[in-house]
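# Structural overview
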Amino acid sequence: DASIWLWELTNDERFDNTDNRVSWAFETPAFTWGDSFVLKQLDCIELWVDKLFGKVDFIAEYRVDSYPCWFPIHAWTQCSARDCNEDIDAVSCPAYPSEPYCESFRATMVTPKVIPSCLKQSGRPSNQGYQFQIRLRIKGWARIRGLMVYAMPLAKQPYLGITC
């Protein structure tokens, strides 16, 4: 493709081209909870956001150990009315101009328990491993204030799976 792209990074614009929601994502480091040699089972994630404005879509994903692909955790949408036209509880709305609403927050959002897939490479469900990495894909305006990843230690028999 012989095109030139121009990217504009701003701190004050909530939308692209007036009213288009911006898609963005981030990945965490791989969490081991202080012990790389203890087998764990990923349970769920909890996060809280502020600066929520308009419709915001969230997609949470994870990957285990050195697996290259991402597994879904949960997808959901949060909405914060931008003005009285979007507010379902507004009694009346002036014709023009309408005053914009303030940004909102959501604390805390907890995903459902992770539903595992079967991994042939490890012989374990995808929610069992030694380290887990999280990716959040977001479409809309919000700031992530905190993220907690819950995993429970699992008992593992020594030398299980080793054959001669």
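Presented here is an overview of the structure given in this document.

Reading the values: the criteria
- Residues numbered from 1 in each chain as written.
- Predicted model: local features only at pLDDT ≥ 70, side-chain atom pairs only at ≥ 80, totals over all residues.
- Heavy atoms only, no water.
- Salt bridge = Lys/Arg side-chain N within 4 Å of Asp/Glu carboxyl O.
- Helix = DSSP H or I, 4+ residues; strand = E, 2+ residues; numbered from the N terminus.
- Buried < 20%, exposed > 50% of the residue type's maximum accessible area, 1.4 Å probe, protein only.
- Pairing = 2+ DSSP bridges.

## Here's the deal with the pattern of salt bridges
This structure, assessed with the given rule, holds eight salt bridges. A salt bridge links Arg-21 to Asp-57, with the shortest nitrogen-to-oxygen separation between them at 3.0 Å. Of the two residues, Arg-21 is situated in the segment before strand E1 (23-27) and Asp-57 in strand E2 (residues 40-64); the sequence distance between them amounts to 36 residues. As a salt-bridge pair, Asp-50 and Arg-145 come within 3.6 Å of each other at their nearest N and O atoms. Here Asp-50 is found in strand E2, whereas its partner Arg-145 is found in strand E8 (residues 132-153), with 95 residues between them in sequence. A relative accessible area of 48% means that Arg-145 is categorised as partly exposed.

## Observations regarding the pairing of E2
Within E2, 20 of the 25 residues are buried, which leaves the element mostly enclosed by the surrounding structure. Bridge count for E2 against strand E7 (residues 128-129) is two bridges, and the pairing is antiparallel. If you follow Gln-41 over to E7, its bridge partner there is Gln-128. Both E2 and E8 contribute to a ladder of 19 bridges, which runs antiparallel. When the sheet's bridge partners are listed, Arg-63 is paired in E8 with Gln-133. With four bridges connecting them, E2 and strand E4 (residues 104-110) associate as antiparallel partners. The partner of Val-49 across the bridge, within E4, is Arg-106.

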